[in-house]
Amino acid sequence: MTDRSQNGSGDPANGEATWHNEALFSKAGLGSETAQATRDEKLGTGRNLDSILRIPVLIQVVLGSATMPVANLMKLGRGAIVPLDHRVGEPVDVVVNGRVIARGEVVVVEDDNSRFGVSLTEIVGPTNGEANG
């Protein structure tokens, strides 16, 4: 490992994190230009961030769920009612790529009375496991 005083990174203005990153990149055999480019990519600057912001994600609104044996499922037909675990007036879950990110209320879209939308009432933060990972 390179001594901080030898590479000029011992300056407090550069910070410990900068020295640590440079040490990692030098161990990996990456030059300073490559190291800077890699740091920029990790920070999400420039066109990399634009590319990420354009990625489509699937948003689902979950009104509720139900559990039933396969035998009961096979008996379902046209007009059958499946009771859900949510009640009228309870918030619905807004799910993005399998994770609940928000909760809200079902509303009728003002511009088109034949469509529903969701008015967000709560943004769900990461769970303890997600915050640390």
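Before reading further, recall that the structure is shown in the block above.
The rules we used
Residues numbered from 1 in each chain as written. Predicted model: local features only at pLDDT ≥ 70, side-chain atom pairs only at ≥ 80, totals over all residues. Heavy atoms only, no water. Helix = DSSP H or I, 4+ residues; strand = E, 2+ residues; numbered from the N terminus. Buried < 20%, exposed > 50% of the residue type's maximum accessible area, 1.4 Å probe, protein only. Pairing = 2+ DSSP bridges. Axes fitted to C-alpha atoms, helices over the stretch in contact; angles between N-to-C directions. Polar contact = N/O pair within 3.5 Å; in protein donor to acceptor, adjacent residues only side chain to side chain. Contact = heavy atoms within 4.5 Å.

Visitor: Provide a residue-level description of unusual backbone geometry, including the pertinent values.
Guide: Even without a glycine there, the phi angle at Asn-97 is positive, about 50°. On the secondary structure map, Asn-97 appears in the loop between strand 2 (92-96) and strand 3 (99-108). Residue class for Asn-97 comes out exposed when judged on its relative accessible area of 55%.

Visitor: For the sheet that holds strand 3, give the residues involved together with the corresponding values.
Guide: Taken in spatial order, the four strands make up an open sheet running 1-2-3-4, and their pairing is antiparallel. Where the open sheet ends on each side, the last strands, each with one partner, are strand 1 (59-62) and strand 4 (116-123). On average, adjacent strands in this sheet sit at an angle of 40° to one another, irrespective of strand direction. Where strand 1 meets strand 2, four bridges bridge the pair, whose relative direction is antiparallel. Within the sheet, the bridge partner assigned to Gln-60 lies in strand 2 and is Val-95.

Visitor: Which residues make up the side chain of Asp-93, and what are the values?
Guide: Mapped onto the elements of the fold, Asp-93 is located in strand 2. At a separation of 3.1 Å, a polar atom in the side chain of Asp-93 contacts the side chain of Arg-103. Ignoring anything within four residues of it in the chain, the contact list for Asp-93 reads Gln-60, Val-61, Val-62, Val-100, Ala-102 and Arg-103.

Visitor: Describe the environment of Phe-116, and please don't skip the residues or the numbers.
Guide: Inspection of the secondary structure puts Phe-116 in strand 4. As a C-alpha pair, Phe-116 and Val-106 span ten residues in sequence and 6.7 Å in three-dimensional space. When sequence neighbours within four positions are dropped, the list of residues in contact with Phe-116 reads Val-106, Val-107, Val-108 and Val-109.

Worth remembering: the numbers are spatial, not functional.
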